[in-house]
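Letter by letter, the chains look like this.
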Amino acid sequence: MLAFDGLTPVEFLARVERLLADPSGRLQASATDLLGDVQADQIDAVVTKRIGEAPSVVKHAAALMTLPSAAPAGAAAWLKLGPSAWTAGLLAATLTHGHARHVHRRRHAGVGTLLAGFTLERAAIGLSEKERGLVRGMATLFAGGIIAPAEWTRFAAQMVWADGKCSVRPSAAHAAHAELADAKVILADILKARFDAHEPFLAATAAMVAARSRQTAGLADAIDRFLAPGARWRDRADIAQSDVLSLTPSPAALVVGYDGAQGAPVYYARNESLFTIGGPGTGKTECLVLPNLLSYPGSALVLDVKGELWDKTAGYRAKHFGPVYRFAPTDPAGHSHRYNPFDFISTEPEKAATDCEVFSFQIVTPTPNNHDPYWENRGRDFLWAMAMVVALRSGGKNRAMATLMRLLSVPLDVKVTAPDFAGSDTDNLINGLAEMAQAYGIPALAEHANAIKGGLGSQRLESVADNARRFLNIFSRSATLRAAMAGSDWHPLDLRRKPGMTVYLCLPGDDLDTFAPIVRLILQQHANALLRDFTYRKGQPPITFFLDEFPQLKRMASVMRMVDTGRGAGLRLWFFAQYLGQVRQAYDKQADGL
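Conventions and cut-offs
- Residues numbered from 1 in each chain as written.
- Predicted model: local features only at pLDDT ≥ 70, side-chain atom pairs only at ≥ 80, totals over all residues.
- Heavy atoms only, no water.
- Pairing = 2+ DSSP bridges.
- Helix = DSSP H or I, 4+ residues; strand = E, 2+ residues; numbered from the N terminus.
- Axes fitted to C-alpha atoms, helices over the stretch in contact; angles between N-to-C directions.
- Patch = residues over 30% accessible without salt bridge, like charges linked within 9 Å, V, L, I, M, F, W, Y side chains within 5 Å.
- Areas by Shrake-Rupley, 256 points an atom, 1.4 Å probe, with all protein chains shown as cover.
- Salt bridge = Lys/Arg side-chain N within 4 Å of Asp/Glu carboxyl O.
- Buried < 20%, exposed > 50% of the residue type's maximum accessible area, 1.4 Å probe, protein only.
- Contact = heavy atoms within 4.5 Å.
- Phe/Tyr/Trp six-rings, centres within 6.5 Å; stacked < 30°, edge-to-face > 60°.
- Lys NZ or Arg CZ within 6 Å of the ring centre and 35° of its normal.
- Polar contact = N/O pair within 3.5 Å; in protein donor to acceptor, adjacent residues only side chain to side chain.
- pLDDT = per-residue confidence, 0-100.

**What about the sheet that holds strand β1 (residues 26–30)?**
- Spatial strand order, β1-β2-β3: three strands in an open sheet with antiparallel pairing. Two strands in the sheet have a free side with no partner beyond their single neighbour: β1 and β3 (167–169). Taking each pair of neighbouring strands and ignoring which way they run, the sheet shows an average axis angle of 30°.

**Some remarks on the sheet that holds strand β6 (residues 265–268)**
- Spatially, three strands are ordered β4-β6-β5 in an open sheet, and the strand pairing comes out antiparallel. The open sheet has two edge strands, β4 (245–246) and β5 (254–258), and neither has a second partner.

**Some details on a nonpolar patch on the surface**
- Taken together, Phe275, Ile277 and Leu580 make up a surface patch of nonpolar side chains, about 240 Å² in accessible area.
- Relative to the elements of secondary structure, Phe275 occurs in strand β7 (residues 274–277).
- Accessibility expressed as a relative area gives 31% for Phe275, which makes it partly exposed.

**Comments concerning the environment of Lys453**
- Relative to the elements of secondary structure, Lys453 occurs in helix α19 (residues 443–455).
- A sequence separation of 22 residues divides Lys453 from Asn431, and the C-alpha atoms of the two residues are 9.6 Å apart.
- In this structure Lys453 touches Val416 and Ile430, once residues within four positions along its chain are discounted.

**Considerations on the packing of aromatic side chains**
- Within this structure, the stated rule accounts for 18 aromatic pairs.
- Judged by centre distance (5.8 Å) and plane angle (75°), the rings of Phe275 and Phe550 are edge-to-face. Pair noted here: Phe275 is in strand β7 and Phe550 is in the loop between β11 (543–547) and α25 (557–565), with a separation of 275 residues, a long-range link.
- Among the residues examined, Phe550 registers a relative accessible area of 0% and is labelled buried.
- Members of the aromatic cluster, connected to one another through ring pairs, are Phe12, Phe142, Trp152, Phe155 and Phe201.
- Looking at Arg380, its charged tip hangs above the ring of Phe361, at a distance of 4.3 Å from the centre.

**A word on the side chain of Asp182**
- Among the secondary structure elements, Asp182 is positioned in helix α9 (residues 180–194).
- Since its relative accessible area comes to 16%, Asp182 is described here as buried.
- A distance of 2.8 Å separates a polar atom in the side chain of Asp182 from a polar atom in the side chain of Arg50.
- With sequence-adjacent residues up to four places away left out, Asp182 is seen in contact with Arg50, Ile51 and Arg107.

**Re the pattern of salt bridges**
- As enumerated under the stated definition, the model contains 22 salt bridges in all.
- We note a salt bridge from Arg338 to Asp489, for which the minimum N-O separation is 3.3 Å. Taken together, the residues span a long stretch of sequence, with Arg338 in the loop between β9 (324–327) and α15 (349–363) and Asp489 in the loop between α22 (479–484) and α23 (494–497) at a distance of 151 residues.
- Residue classification places Arg338 among the partly exposed residues on the basis of a relative accessible area of 33%.
- You can call Asp489 partly exposed: its relative accessible area is 31%.

**Details of the confidence of the model for the chain**
- Summary statistics for the chain give a mean pLDDT of 83 and a share of 86% for residues scoring 70 or more.
- For the stretch residues 63–83, pLDDT sits under 50, and the model shows 14 contacts to residues farther than four places along the chain or on other chains.

**Thoughts on unusual backbone geometry**
- Even without being glycine, Asp163 reaches a positive phi, approximately 60°.
- Looking at where Asp163 falls in the secondary structure, it is placed in the loop between α8 (149–161) and β3.
- Overall, Asp163 belongs to the partly exposed group, its relative accessible area being 39%.
- Even without being a glycine, Glu549 presents a positive backbone phi close to 50°.
- Tracing the chain through its elements places Glu549 in the loop between β11 and α25.

Right, here's the structure in full:
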């Protein structure tokens, strides 16, 4: 594919890189590079299977003597022809057999000539990122003298072959050869039998590159650069030239890594958000979150899905930075601080309508690629109406999530004509919505009152209510959750009013799916309150949200808004996920922008 041709190693690697970057570039290999160690009898066997065996004189004579033109029908008639006819027939058989063998030898030789002259080609633009990385890695090993020319040539030819993804081109002199079609099939059959499938070949090559790259430190560094240009371990020279990374600590700085040469922390002090993706057990929590919670003096909100962040850092942060709060609604001992979302929903009707809209969207999030969102939308609207009743008609301890669940559980399978309907909870709910609509000038509440009244006893209305309550059914089953959300021990704005304060949302991963609506709501209310607060001053440590396993929370509008506008408000998000696919599943087309 590529040889040194008198080039220096650096020039050779540059040539490889230019080829990979060229949209019209073609990787080429000779078929002989792949057929060199294939035994001649193996090739003959495949050729024979395709074009047939060389004809035998006896078989040919027998076949000739049964032809209608050779003799009258039947063996007896043939025998009556006499010796002279036998001699003539045998002579004819011998002559035609010689011609047949000549044709067969010519076809066989033609296939051999074509096989030796074939050039395999593959477009450089068609290589996957994995394949590009392996080409760079093997080229670097070859340039460094770690692998022999024959090994490089064989690798390059197999990369071009790629299970037949290449085109096969004859020499110009044989472009119209009669055996061209057969020769291409024969070549493919030989190579498929000779070589492993492409994916195992790539895996074996990757393992070999990784093993041999350790032979010299300088070569390992060069291979790192060629395996993923632009994505490599930074060195001190890179950090010195960076406008986002530094070796100098500051109050706003987060530790994002360590200098490999001296082990000094590398800091990120910008307000823009960060994203870390790493599989389970790769050290995201231990290497990134824990060190920062023990060193970062700014306020933080932490999604603690393992519980270890509270255990290992809360005491230190409370002593050195500011107050700490632990929201742990699944703690069987009830050791949780309290947070009541209705404490942060306005009592002013027009503002409450907006706050309850935010509330309902965090509880019933839009499902990506939902082709029939009717029930989801109606359930969200129903939840909004019930939240408005709690926000504007309930007071004291009743202005809480438990009251919302009682409203969502009001019987809907009753008839207006029933003797006990008047004065029932259902009747009071309908009348209350109508009164609120008139008193506050919010027609949507009257529409809900009429829809409930007109749909009583129908399966349709029950389905709408089910779509609203199914996300909050946990309140009916968890006394600790009701207690944890009966009041509020902190205000979202305390994260700014009390610098160094930390809120830990402690929910085990197994419980996170169940409680995701509550966590989304808490994050959304904190984001909204902090984005509306204009007391942030440039230079102050930004409030940092450490969101481990955040794709499990599903789609959150607050995330997109904070990424877009949080920088100016002194808010910074640090997302952690195991796989990029998790983010795409939750955020669909917005995942790339996120």
